[in-house]
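Reading the structure
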Amino acid sequence: MMSSRSLRLVLPALLLAVLFAVGGWALGPLPPLGPLLDPANGVWAVAAAADLPRAQSASIAGLESPVQVIFDHRGVPHVFARSENDAYRAMGYVVARDRLFQMEIQTRAAAGRLSEWLGPRGLTLDRSSRRLGLPWGAERKFAALDTLSPGYRAVVAYSEGVNAWIDAMRPRDLPIEYRLLNVRPLRWQPQFTQYFFVQMGLTLAFNDASLTRQEVASVVGSSAADALFPVNSPIQEPIQPNGRTSPRYDFRPIPPPGPPGSFPLARHSDQRSGTDGDGLGSNNWAVAPARTANHFALLAGDPHLTLTLPSIWYEAHLSVPGVLDVAGVGFPGAPGIIIGFNRDLAWSFTNTSSDVNDYYLETVDDADHPTRYRLDGRWKPLERRIEVYRGRGGEVLASDTLLFTHRGPMNRQDGRWLSMHWTVFDPSRESGIFLQIQHAHSAAEWLHQMENFSAPTQNGLVADRSGTIAIRSSGRYPRRPGDGRGDVIRDGSSSASDWIGDLPLAQYPSGLNPPQGFLASANQQPVDPRVSSVYLGSDWYAPWRAMRINTLLRADSQVTPDAMRRYQTDPGSPRADALVPRFLQAADLAERNGSSDPELRRAAAILRSWDHRYTSDNRAAGLFELAMEELVERTWDELGTGRGRLPGSSILLELMQTPKSPWWDDHRTAPVEDRDAILIASLRAAMTRARAQFGPPGDSGWSWSGIRHANIYHLLHIPAFSVLGIPMQGGPSTLNPSSGDGTEGASWRMVVELGPEVHAWGAYPGGQSGNPVSPRYQDRLPAWKEGRLDSLAFPRTPQDLGVGDSRSTLTLLPSP
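Everything numeric here is computed off the predicted structure, so don't read it as measured data. Sequence order as written defines the numbering, with residues in each chain counted from 1. Local features in this predicted model are restricted to residues of pLDDT 70 or higher, and side-chain atom pairs are both shown and tallied only at a pLDDT of 80 or more, whereas totals for entire chains, interfaces and linings draw on every residue. Side-chain metrics in this entry use all non-hydrogen atoms of the structure; hydrogen atoms and water are not considered.

**Considerations on the confidence of the model for the protein chain**
Low pLDDT means the predicted atomic positions in that stretch should not be read closely. One confidence number per residue, pLDDT, is output by the predictor and ranges from 0 to 100. Averaged over every residue, the pLDDT of the protein chain is 92; the share at 70 or more is 91%. Two residues qualify as a contact provided that any one of their heavy atoms is within 4.5 Å of a heavy atom in the partner residue. In the model, residues 1–26 has pLDDT below 50 throughout and makes 40 contacts with residues more than four positions away in sequence or in other chains. The low-confidence segment residues 269–275, where pLDDT is below 50, has 22 contacts with residues more than four positions distant or belonging to other chains.

Have a look at this one:
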């Protein structure tokens with residue numbers, strides 16, 4: 001029963017939800033007000049299910065033995081079961097109880113079935129998912145699974161737990177989003193887990209490097225395109241240690257714009273741009289015992305993903321005596337722990353950003369209505385798949401005929417047909433491998449179990465209690481014919497263009513107990529090209545974050561768990577260290593040449609006073625970011641700024657080495673500018689914009705906390721259920737990076753000390769419950785915002801939690 005105080009707190013949120021439904025409904029037809037306002041089962045009833053009951057029991061079909069689930073004071077379920085599959089049944093039950101709507105909406109997004117909830121408004125998204133082949137790929141992968149494998153049985157067990165909750169739900173238990181949409185939950189199917197992993201593949205392993213390169217080449221020629229989006233990063237600070245103690249700058253002259261290519265494509269866009277908006281990135285690092293204060297290995301991980309309420313992660317602890325004892329976070333919709341620790345080791349992942357999908361220009365029999373494609377001089381039939389999109393009432397809204405070659409889905413791009421081969425669509429068993437690594441007892445065993453991991457490629461970091469630290473860029477890396485590059489569009493009429501196998505494990509970027517005493521990854525190029533020239537991808541993130549964490553780790557030979565925590569929100573910026581002096585040098589040159597521009601002088605003074613740290617109270621970072629925006633727009637005007645991906649800041653720094661390069665000239669202005677002229681113009685324009693946006697210099701409006709925020713939206717973007725405008729320490733390309741709109745960032749922060757007893761700390765932005773009026777909906781936000789981590793309970797037995805730390809007990813029994 002909720003207290004009167006708790007009820008007073010939740011009623012405003014419920015009222016806002018109803019007002020949103022009545023006055024601001026943008027997702028579909030207005031839901032009937034009668035059911036919404038029904039005091040017994042309408043939105044008001046959601047408050048009755050907002051908190052955990054002190055004690056409860058339920059039954060699950062298929063459960064082999066009773067399972068005890070104890071929720072600690074942070075709302076984390078500690079699942080004590082007698083078999084592994086029973087643990088997954090229990091996990092399915094408790095995750096569904098907390099996150100059912102989230103589980104279904106992410107499934108519908110991947111399956112292209114949002115229009116069944118949203119009507120015509122969901123049609124564009126649904127068509128995009130299906131034309132990309134997401135449901136086709138998920139169904140293909142699921143059909144290829146071995147039904148006798150432990151991974152398959154775990155997914156089935158998890159589904160049984162989810163459906164047990166759905167079957168047992170009382171009317172008041174229905175999540176509020178279903179009420180506002182006026183829909184009912186789907187029965188959970190085992191293949192829905194595969195839908196989720198394909199959707200994550202889209203987030204982490206979809207690379208348009210070949211399309212970007214072709215688009216740019218069509219404007220400025222192939223030589224320039226190769227230099228602006230190079231195979232190798234011009235700044236080398238690789239994941240695999242190369243024996244250096246500082247970054248290496250492999251700067252080369254960038255060819256001037258050349259004649260346009262002959263294969264034009266419309267510009268595309270993705271997460272990366274010339275301002276290094278790498279909020280959708282990740283960090284992890286491990287330190288060997290010889291460099292830690294307590295002489296135990298330490299591991300830190302903070303994957304950066306889209307920030308949502310509820311969070312993309314769900315925290316749990318699974319215990320099966322003699323079989324499994326693991327804690328950390330997993331994905332709602334999938335069994336097991338994805339990032340976490342057991343009694344012997346800890347692990348985390350960052351995305352490799354590798355190139356694992358290729359495009360092929362296909363020759364078809366009919367440009368408008370193809371039925372066949374040409375391969376090695378013969379016509380082959382296209383696989384056809386009819387996709388029907390239905391509305392809220394089951395009515396047909398639209399239908400598409402999708403086409404597939406032996407490589408994958410084929411779509412029309414500017415009058416030409418391109419097919420795509422993608423490792424995410426090939427048969428694999430990621431879910432089963434994530435379950436296997438939970439059982440590892442050493443770093444070596446963990447790495448062995450990751451050998452068959454396929455997609456998305458990930459930098460897997462692991463540390464164990466023996467003191468071993470290791471990292472490997474795991475996943476399937478396709479081998480291409482010829483020069484091996486994947487950032488080109490290949491001739492689809494020849495099977496000689498197809499992949500010729502996979503990169504052998506021995507050539508994967510890796511590190512094991514390096515002499516430097518630490519390992520780190522931050523989405524940078526994994527291996528120094530002077531060590532290995534094997535193609536893994538192109539247009540890598542600039543290694544600014546990697547440079548910063550390596551600087552911190554090199555400077556500290558007595559690292560503590562708290563230092564690891566502080567590093568995760570460190571505000572230092574090698575990007576600003578490299579580029580601020582360029583603006584200042586240009587401003588000084590203008591001064592020496594007789595410039596009497598007071599605005600330029602004031603802007604330079606502001607930047608000169610800044611320590612290049614993105615602290616919440618600094619009043620210069622905003623000016624620098626505006627100057628970078630202006631610099632990007634003026635420098636890359638030849639590429640058509642404002643659309644598509646632009647070269648990153650490391651390319652800008654490389655271009656700085658050639659002050660008279662024709663790239664510096666802004667063709668929209670009459671004079672021919674050089675580097676310093678563009679830097680001066682950019683800084684002057686930034687100062688004008690800063691005055692307009694922030695007020696007079698020195699005003700509170702210049703404070704970084706008022707300029708850059710985290711914005712965590714509810715899955716339906718309902719304002720009353722979102723938390724917006726959160727001031728953050730950190731900025732672009734810092735260890736706590738912030739995207740322009742603040743919707744991406746650290747989705748889970750974890751630090752683990754691997755001593756005789758494993759100790760762990762963690763936090764994520766949100767809470768365990770998906771119920772917006774629950775006290776567990778956003779209770780972790782304050783700690784996450786401030787960079788604090790909670791101590792993570794890891795009891796060996798139910799009794800170890802103690803009465804004071806036990807908030808709720810759930811007993812799950814086999815169905816009679």
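**Examining helix 6 (residues 134–143)**
The classification of residues rests on relative accessible area computed with a 1.4 Å probe and restricted to protein chains. Under 20% of the type maximum is buried, over 50% is exposed, and intermediate values are partly exposed. Helix and strand definitions follow DSSP, with helices as H or I runs of at least four residues and strands as E runs of at least two, each counted in order from the N terminus. For helix 6, a buried count of seven out of ten residues is recorded, marking the element as mostly surrounded by other parts of the structure. For helix 6, the set of buried residues is Leu 134, Pro 135, Trp 136, Gly 137, Ala 138, Lys 141 and Phe 142.

**Comments concerning the pairing of strand 2 (residues 67–72)**
Burial runs high along strand 2: five of the six residues are buried. Only when DSSP finds a minimum of two bridges between them are two strands counted as paired. The sheet contact formed by strand 2 and strand 31 (residues 806–814) spans six bridges and is antiparallel. For Val 67, the partnering residue across the bridge sits in strand 31 and is Leu 812. Strand direction decides the pairing type here: strand 2 and strand 3 (residues 77–80), joined by four bridges, are antiparallel. Residue pairing for strand 3: Phe 71 is matched across the bridge by Pro 77. Following strand 2, the chain reverses through four residues before pairing antiparallel with strand 3; Gly 75 in that reversal takes a positive phi of roughly 80°.

**Quick notes on the side chain of Arg 343**
Position of Arg 343 relative to the elements: it lies in the loop between strand 11 (339–342) and strand 12 (345–351). Here Phe 794 takes part through its backbone oxygen, which lies 3.0 Å from a polar atom of the side chain of Arg 343. With residues near it in sequence (within four places) discarded, Arg 343 still touches His 317, Asp 325, Arg 465, Glu 757, Val 758, Phe 794, Pro 795 and Arg 796. Contacts described as polar in this section are N or O atom pairs within 3.5 Å, which, within protein, must combine one atom able to donate a hydrogen with one able to accept it, while residues neighboring in sequence count only if both atoms come from side chains.

**Section: the nonpolar core**
Joining through side-chain atoms within 4.5 Å is the link that ties buried Ala, Val, Leu, Ile, Met, Phe, Trp, Tyr and Cys residues into a set, and such a set is a nonpolar core. If you look at the biggest cluster of nonpolar residues, it comprises 133 residues, and the most contacted ones within it are Phe 341, Trp 446 and Leu 812. The element best represented in this core is helix 3 (residues 84–111), accounting for 14 residues. What Trp 446 contacts, discounting residues up to four positions off in sequence, is Leu 345, Trp 347, Phe 349, Ile 437, Ala 440, Gly 460, Leu 461 and Val 462. Counting 58 residues, the second-largest nonpolar core is a separate cluster that includes Leu 228, Ile 254, Leu 652 and Leu 683.

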